[in-house]
Amino acid sequence: MSQQPFLPFSKPTIDEATISAVGDVLRSGWITSGPKVQAFEAQLSEYFGGRPVRTFNSGTCTMEIALRIAGIGPGDEVITTPISWVATANVILEVGATPVFADIDPVTRNIDLAQVEAAITPRTKAIIPVYLAGLPLDMPMLYALANKYNLRIVEDAAQALGSSWDGERIGATGDFVSFSFQANKNITSSEGGCLVLNNAEEARLAEKYRLQGVTRTGFDGLDVDVLGGKFNMTDIAAAIGLGQFAHIEQITAHRQNLARHYFNCFGSDFEEKYGAQLPPADFENSNWHLFQLVLPERQDGLPARATFMEKMQALGVGIGYHYPPIHLLSLYRAQGFKEGMFPVAEKVGRLIVSLPMFTAMTEADVERSVAAVKAVLTAS
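This is a predicted model, so every value here is computed, not measured.

### Focus on the overall build of the protein chain
Alright, step 1. Counting secondary structure elements, the protein chain contains 14 helices and 13 strands.
Alright, step 2. Against the 2.2 N^0.38 benchmark of 21 Å for 380 residues, the protein chain shows a C-alpha radius of gyration of 21 Å, consistent with a compact globule.
Alright, step 3. For the protein chain, the C-alpha atoms occupy an extent of roughly 70 × 55 × 35 Å along the three principal directions.
Alright, step 4. Split into buried and exposed, the 380 residues of the protein chain put 54% on the buried side.
Alright, step 5. For the protein chain, contacts bridging at least 24 residues in sequence account for 70% of all contacts bridging at least 6.
Alright, step 6. Here the protein chain has roughly 16400 Å² of accessible surface; of this, 53% comes from carbon and sulfur atoms.
Alright, step 7. Where the 30 positive side-chain charges of the protein chain centre and where its 41 negative ones centre are 4 Å apart.

### Some words on the packing of aromatic side chains
Alright, step 1. Going through the model one piece at a time under the given rule, you end up with 19 aromatic pairs.
Alright, step 2. Ring plane angle 65 degrees and centroid distance 5.2 Å describe the contact between F263 and F291, whose orientation is recorded as edge-to-face. Placement of F263 in helix α9 (residues 248-266) and of F291 in strand β12 (residues 291-294) is noted, with a sequence separation of 28 residues between them.
Alright, step 3. Judged by relative accessible area, F263 falls into the buried class, the value being 17%.
Alright, step 4. Between F266 and F291, the aromatic rings sit 6.1 Å apart at their centres with planes inclined by 15 degrees, giving stacked as the arrangement.

### With respect to the packing of helix α1 (residues 16-28) against helix α8 (residues 235-245)
Two quantities define a packed helix pair, namely the angle between the helix axes and the distance between the axes.
Alright, step 1. Viewed as axis vectors pointing N to C, α1 and α8 meet at an angle of 155 degrees, and their least axial separation amounts to 9 Å. By the criterion of interaxial angle, the relationship of α1 to α8 is roughly antiparallel. Regarding α1 and α8, the two cross each other, and that crossing is right-handed. Facing T18, A21, V22, V25 and L26 of α1, the residues of α8 in contact are D235, I236, A239, I240, G243 and Q244.

### Re the pairing of strand β9 (residues 193-196)
Regular strands place side chains that alternate from one sheet face to the opposite one.
Alright, step 1. Burial along β9 is two-sided: the residues G193 and L195 and C194 and V196 are all buried.
Alright, step 2. In this sheet, β9 lies alongside strand β1 (residues 53-56) in antiparallel orientation, the contact comprising four bridges. Within the sheet, the bridge partner assigned to R54 lies in β9 and is L195.
Alright, step 3. Bridge analysis of strand β8 (residues 176-180) against β9 gives four bridges, and the strand direction is antiparallel. Its bridge partner being in β9, S178 is matched across the sheet by L195.

### So, the sheet that holds β8
Alright, step 1. Ordered by their spatial adjacency, seven strands build an open sheet running β1-β9-β8-β5-β4-β2-β3, and the pairing between neighbours is mixed. Taken across any chain shown, the strands that pair with only one partner, and hence form the sheet edges, are β1 and β3 (98-101). Going across the sheet, the axis of each strand differs from the next one's by a mean of 25 degrees, ignoring polarity.
Alright, step 2. Sheet contacts for helix α2 (residues 35-47): β1 and β9; angle to β1, the most-contacted strand, approximately 135 degrees.
Alright, step 3. Lying over the sheet, helix α3 (residues 61-69) contacts β1, β2 (77-80), β4 (124-128), β5 (152-156), β8 and β9, oriented at roughly 25 degrees with respect to β9.

### Details of the pattern of salt bridges
Alright, step 1. The full count for this structure, using the stated rule, is 14 salt bridges.
Alright, step 2. In this structure, D24 engages R27 in a salt bridge whose closest nitrogen and oxygen atoms are separated by 2.8 Å. With D24 and R27 both in helix α1 and three residues apart, this pair spans about one turn of that helix.
Alright, step 3. Its relative accessible area of 44% is what places D24 among the partly exposed residues.
Alright, step 4. When the shortest N-O distance is used, the salt bridge between K148 and E117 registers 2.8 Å.

### A word on the environment of Q292
Alright, step 1. Tracing the sequence through the fold places Q292 in strand β12.
Alright, step 2. With a relative accessible area of 3%, Q292 lands in the buried category.
Alright, step 3. Taking the C-alpha atoms as reference points, Q292 and I65, 227 residues apart in sequence, are found 30 Å from one another.
Alright, step 4. Leaving out residues up to four positions away in the same chain, Q292 has contacts with R109, L132, A133, Q277, L278, P279, H322, I352, V353 and S354.
Alright, step 5. Among the polar contacts listed, one links the side chain of Q292 to the side chain of S354, at a separation of 3.2 Å.

Rules and cut-offs
- Residues numbered from 1 in each chain as written.
- Predicted model: local features only at pLDDT ≥ 70, side-chain atom pairs only at ≥ 80, totals over all residues.
- Heavy atoms only, no water.
- Helix = DSSP H or I, 4+ residues; strand = E, 2+ residues; numbered from the N terminus.
- Rg over C-alpha atoms; globule rule 2.2 N^0.38 Å.
- Buried < 20%, exposed > 50% of the residue type's maximum accessible area, 1.4 Å probe, protein only.
- Contact = heavy atoms within 4.5 Å.
- Areas by Shrake-Rupley, 256 points an atom, 1.4 Å probe, with all protein chains shown as cover.
- Lys, Arg positive; Asp, Glu negative; His and termini not counted.
- Charge placed at Lys NZ, Arg CZ, Asp CG, Glu CD.
- Phe/Tyr/Trp six-rings, centres within 6.5 Å; stacked < 30°, edge-to-face > 60°.
- Axes fitted to C-alpha atoms, helices over the stretch in contact; angles between N-to-C directions.
- Parallel < 35°, antiparallel > 145°, perpendicular 65-115°, else oblique.
- Left-handed = near helix turned anticlockwise from the far one by under 90°.
- Pairing = 2+ DSSP bridges.
- Salt bridge = Lys/Arg side-chain N within 4 Å of Asp/Glu carboxyl O.
- Polar contact = N/O pair within 3.5 Å; in protein donor to acceptor, adjacent residues only side chain to side chain.

As structure tokens, then:
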């Protein structure tokens, strides 16, 4: 296996038509936000059933802006999961609110809604659920909870473009829904993101927040009435996004087929034989952004994940991990979080790995990845 070309954890696929479209933008003389951004937003809006959509330079500022539009700030609490990219919690701090974590479900690895309800206080104003690996939460339960306690929802659907719940696309309904187009996502714009909003008023406010709070009128009218930032998407990025988005259905179907092949190759006795935990075999709702395992603990005292990653790399297979528990990072420890507070998240965050999963992969690549996993776990 080690003599074959290295199999990376992730790799974007950009077709020649998209590369040509980027060249056209560069030659056009309009490379910042312009007609390509407008066209990308229009296609996204159509995909989400006509809801207003605004694009941004990341899938992080989208969540921060959603919180600002919702009026969330100092004195407010926002509940989220400890297993996510740290941006999910950082945006809560950015608006001056207090992050509150709730433990995760050991099977789905998403936030446990029963734990969320137990964490709600009179100061709770919003929930940021995360759809890890592209697998959504139970949407009716999530929104029933929001309605019961009058909470806003900012769906961190960074990994879930193309996912659905009960046949309905994530983003087509709900409150604020944030997506990422970062380089390793199913659909990329190199860097970028979008926010699905509820109405035209929220969309106008999002436009202000993404560009210094500016409102323009006429030839030279300019005013600023909110404190905004510099979060706009460029036409270069939008051209990439448009080229990628044209293939979203094929990309989602291909990734689902790769995931099916992963399960077939691991076999029904894998968990019992090797002690690792497979993800839920969901082929109705997930876009299979990631295929993740939770490793067994090692008996020799060595760190299970680091040792596994090192041995997989020696076999020519790249591994990612998503994610270490946010509450145990130094920034959050300084706010009083510590070991033992969210035991399921701590175990998963210590042992979870992401196997190769990207658009250009073949079934042979899956077979190679699985063979390497079994070889490493057998040797352990």
